[in-house]
Amino acid sequence: MKVVYIAPMELPVPCEKGAIEEIIWQLSRRLKNFVNVYIYNPTTSNNVYKLVKGLKPLAYQCDDCIIHSHNLYASLSISLLCKRLKHILTLHYPPTPPTVTKSKRRGKILRKILQFLDATGTVITAPSLYIKESLKHMGIKKAIFIPNGVDTSMFNPVKYSEELRERLLEGKDILIVNVGRIHPEKNQLALLVAFNELVNRYGYRNVKLVLIGPTSGTFRVNKESPYYRLLAEYIQKHDLKSYVTFTELPRSDVAKVLASSDIYVHPSKVEAAAPLAVLEAMACRLPIVAFNLQYYRYYLINNFNSLLIPPNVRALTKSLLTLIEEGQLASKLAENAYNSAIKHFSWNSITKFYIKTYDVLVSYGEE
């Protein structure tokens, strides 16, 4: 069997820049133990037609070849030009507005494309139950839920570093961390407001907040970003400068920070799918606080491996106080989060789902 991945038309893999690239990289590494894997990245030509034309010879040479696309429009071209191909599309965002699908008009276009792909035999996989249910609701018959995974060899409690922890804490005791693009959708402002309540209303002067994340596609904090400036102004106004740190780190160092922290907070207003940052925090044995969004179903369970709360600052403040004051609860959530990551979300486990899907698709084509 040969599996050909089509990257998302953005960057080569491996890279530091995006979740989809990370997913392709992690899967391809492990699939190579079972099948021949090729990665086609349209970045070089930025021309879908040329990409598909290049895939045609491979498809006709190999009856057990599977094209696995991570780009909707490339999938459309493949279905139009290479009907013989066995074809899987992973849809990394909900096909209905709002979220990534910003407008109703674009939502209608995506719906038509997805319905066409389904009718022509494309198997569509979804990394969240919400995406799968959205697909089912629009009449997609071949929708399969396959969770995202986490690299449990990189993100692991053994990456704990006392030296790093002390450097980040700067004499304080409790380290709270968030990983995510510095952007209004990621809602770091709500976290800052709740954190300000901890420090200036409830008098917790022993806490430190570390915000890790880019302002665009790179892991560099762009201090000219309007949202970054808004956050910086809030920090200045409320005298939080000694309590909050923005940083840019490679993934290997993010793993060390997570493993050396006490609480992980994910205050996003919206997610394209299940965020890898949450899975990485789980694998590092951290108690997690997140707004109770539909995207987290199957991954996060309230009062089991996380605190899922109403999407407001008051609830976020209360949950942080709870985890700081109730060490036994925090330990229980952290341990259950770790066990969930190891048992259900390691990339080695997720790869087995994909192998099974590929085997079924090849067998189907032989009947």
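Residues numbered from 1 in each chain as written. Predicted model: local features only at pLDDT ≥ 70, side-chain atom pairs only at ≥ 80, totals over all residues. Heavy atoms only, no water.

J.: Would you take a moment to explain helix α12 (residues 327-344) for this structure?
T.: In this model α12 runs 25 Å from its N-terminal to its C-terminal C-alpha over 18 residues, within 8% of the 26 Å that 1.5 Å per residue would give. Leu-329, Ala-330, Leu-333, Ala-334, Asn-336, Ala-337, Tyr-338, Ser-340 and Ala-341 are the residues of α12 that are buried. Those residues of α12 that are buried are in contact with α10 (276-283), β12 (307-309) and α11 (313-325). (Helix = DSSP H or I, 4+ residues; strand = E, 2+ residues; numbered from the N terminus. Expected span 1.5 Å × (residues − 1). Buried < 20%, exposed > 50% of the residue type's maximum accessible area, 1.4 Å probe, protein only. Contact = heavy atoms within 4.5 Å.)

J.: Explain the pattern of salt bridges to me, please; I cannot follow it from the model alone.
T.: Oppositely charged side chains are able to pair whenever their charged atoms sit close together. Enumeration according to the criterion identifies 12 salt bridges in this entry. Note that Glu-280 is salt-bridged to Arg-251, the shortest N-O span being 2.3 Å. With Glu-280 in helix α10 and Arg-251 in helix α9 (residues 251-259), the pair connects residues that are 29 residues apart, well separated along the chain. You'll find Glu-280 and Arg-251 in the same group, each marked buried. We note a salt bridge from Lys-256 to Asp-253, for which the minimum N-O separation is 3.8 Å. Of this pair, Lys-256 and Asp-253 are both found in helix α9, three residues apart, which corresponds to roughly one turn of the helix. One connected set of salt bridges, linked through shared partners, spans Glu-22, Arg-251 and Glu-280. (Salt bridge = Lys/Arg side-chain N within 4 Å of Asp/Glu carboxyl O.)

J.: Looking at this structure, I do not really get the nonpolar core. What am I missing?
T.: Within soluble globular proteins, side chains that are nonpolar tend to cluster in buried spots. Formed by 95 residues in total, the largest nonpolar core has its most connected members in Ile-176, Phe-195, Val-244, Leu-258, Tyr-264 and Met-282. Contact partners of Leu-258, with chain neighbours within four places excluded, come to Phe-155, Val-177, Val-179, Tyr-264, Glu-280, Ala-281, Cys-284 and Leu-286. Counting residues in hydrophobic clusters, the runner-up holds 16 residues, among them Tyr-93, Leu-110, Ile-113 and Ile-131. (Core = buried A, V, L, I, M, F, W, Y, C linked by side-chain atoms within 4.5 Å.)

J.: Can you walk me through unusual backbone geometry in this structure?
T.: Trans peptide bonds make up most of the peptide bonds, and negative phi angles are found at most residues other than glycine. Located in the positive-phi region is Glu-170, a residue other than glycine, with phi close to 50 degrees. By secondary structure assignment, the location of Glu-170 is in the loop between α6 (162-169) and β7 (174-179).

J.: I keep staring at the packing of helix α7 (residues 188-201) against α11 and nothing clicks. Help me out?
T.: In a pair of packed helices, the angle between the axes and the distance between the axes together describe the arrangement. One way to put it is that α7 packs onto α11 with a least axis distance of 9 Å and a crossing angle of 55 degrees. Regarding the angle of α7 to α11, the classification is oblique. Read as a crossing pair, α7 and α11 show a hand that is right-handed. Counting all contacts with α7, which are made through Ala-190, Leu-191, Val-193, Ala-194, Glu-197 and Leu-198, the residues of α11 involved are Val-313, Leu-316, Thr-317, Leu-320, Leu-321 and Ile-324. Split by residue class, the contact of α7 with α11 holds 10 nonpolar, one polar and one charged. (Axes fitted to C-alpha atoms, helices over the stretch in contact; angles between N-to-C directions. Parallel < 35°, antiparallel > 145°, perpendicular 65-115°, else oblique. Left-handed = near helix turned anticlockwise from the far one by under 90°. Nonpolar A, V, L, I, M, F, W, Y, C, P; charged D, E, K, R; others polar.)

J.: I keep staring at the sheet that holds strand β10 (residues 263-266) and nothing clicks. Help me out?
T.: Hydrogen bonding along the main chain pairs the strands of a sheet, whether they run parallel or antiparallel. Spatially, β9-β8-β7-β10-β11-β12 is the arrangement adopted by the six strands of the open sheet, whose pairing is parallel. The sheet is open, and its two edges are formed by β9 (244-247) and β12, each paired on a single side. Between one strand and the next, the sheet's axes are offset by a mean angle of 20 degrees, whatever the strand orientation. In terms of strand pairing, strand β8 (residues 207-212) meets β9 through four bridges, oriented parallel. Paired with Leu-211 across the two strands is Phe-246, which belongs to β9. (Pairing = 2+ DSSP bridges.)

J.: Help me understand the packing of α10 against α12 in this model?
T.: Their axes nearest at 7 Å, the elements α10 and α12 cross at an angle of 110 degrees. Classified by the angle their axes make, α10 and α12 are roughly perpendicular. Pair α10 / α12 crosses with left-handed handedness. On the side of α10, the interface is formed by Leu-279, Met-282 and Ala-283, while α12 contributes Ala-337, Tyr-338, Ser-340 and Ala-341. In terms of residue class, the contact of α10 with α12 is made up of six nonpolar, one polar and no charged.

J.: Got a minute to help me understand the packing of aromatic side chains in this structure?
T.: In total, this model carries seven aromatic pairs according to the counting rule given. Seen in terms of ring centroids, Tyr-298 and Phe-345 are 5.7 Å apart; in terms of plane orientation they differ by 80 degrees. Their pairing is edge-to-face. Placement of Tyr-298 in the loop between β11 (288-291) and β12 and of Phe-345 in the loop between α12 and α13 (347-366) is noted, with a sequence separation of 47 residues between them. A relative accessible area of 39% means that Tyr-298 is categorised as partly exposed. Relative accessible area serves as the criterion here: at 1%, Phe-345 is assigned to the buried category. Ring geometry for Tyr-299 versus Phe-345: centroids 5.1 Å apart, planes at 25 degrees, classification stacked. Taken as a pair, Tyr-299 in the loop between β11 and β12 and Phe-345 in the loop between α12 and α13 lie far apart in primary sequence, 46 residues in all. When its relative accessible area of 3% is taken as the criterion, Tyr-299 is described as buried. Over the ring of Tyr-338 we find Arg-285, and its NZ or CZ is 4.2 Å from the ring centre. (Phe/Tyr/Trp six-rings, centres within 6.5 Å; stacked < 30°, edge-to-face > 60°. Lys NZ or Arg CZ within 6 Å of the ring centre and 35° of its normal.)

J.: Help me understand a nonpolar patch on the surface in this model?
T.: Together, Leu-80, Leu-81 and Phe-116 make up a nonpolar patch on the protein surface, roughly 240 Å² of accessible area in all. Structurally, Leu-80 is set in helix α3 (residues 72-81). (Patch = residues over 30% accessible without salt bridge, like charges linked within 9 Å, V, L, I, M, F, W, Y side chains within 5 Å. Areas by Shrake-Rupley, 256 points an atom, 1.4 Å probe, with all protein chains shown as cover.)

J.: Would you take a moment to explain the pairing of strand β1 (residues 2-6) for this structure?
T.: Note on strand geometry: in a regular strand, side chains alternate between the two faces of the sheet. Of all five residues making up β1, four are buried, and the element is well covered by its neighbours. Sheet topology note: the β1/strand β3 (residues 65-69) ladder contains five bridges and is parallel. Bridging from a neighbouring strand, Val-3 pairs with Ile-66 of β3.

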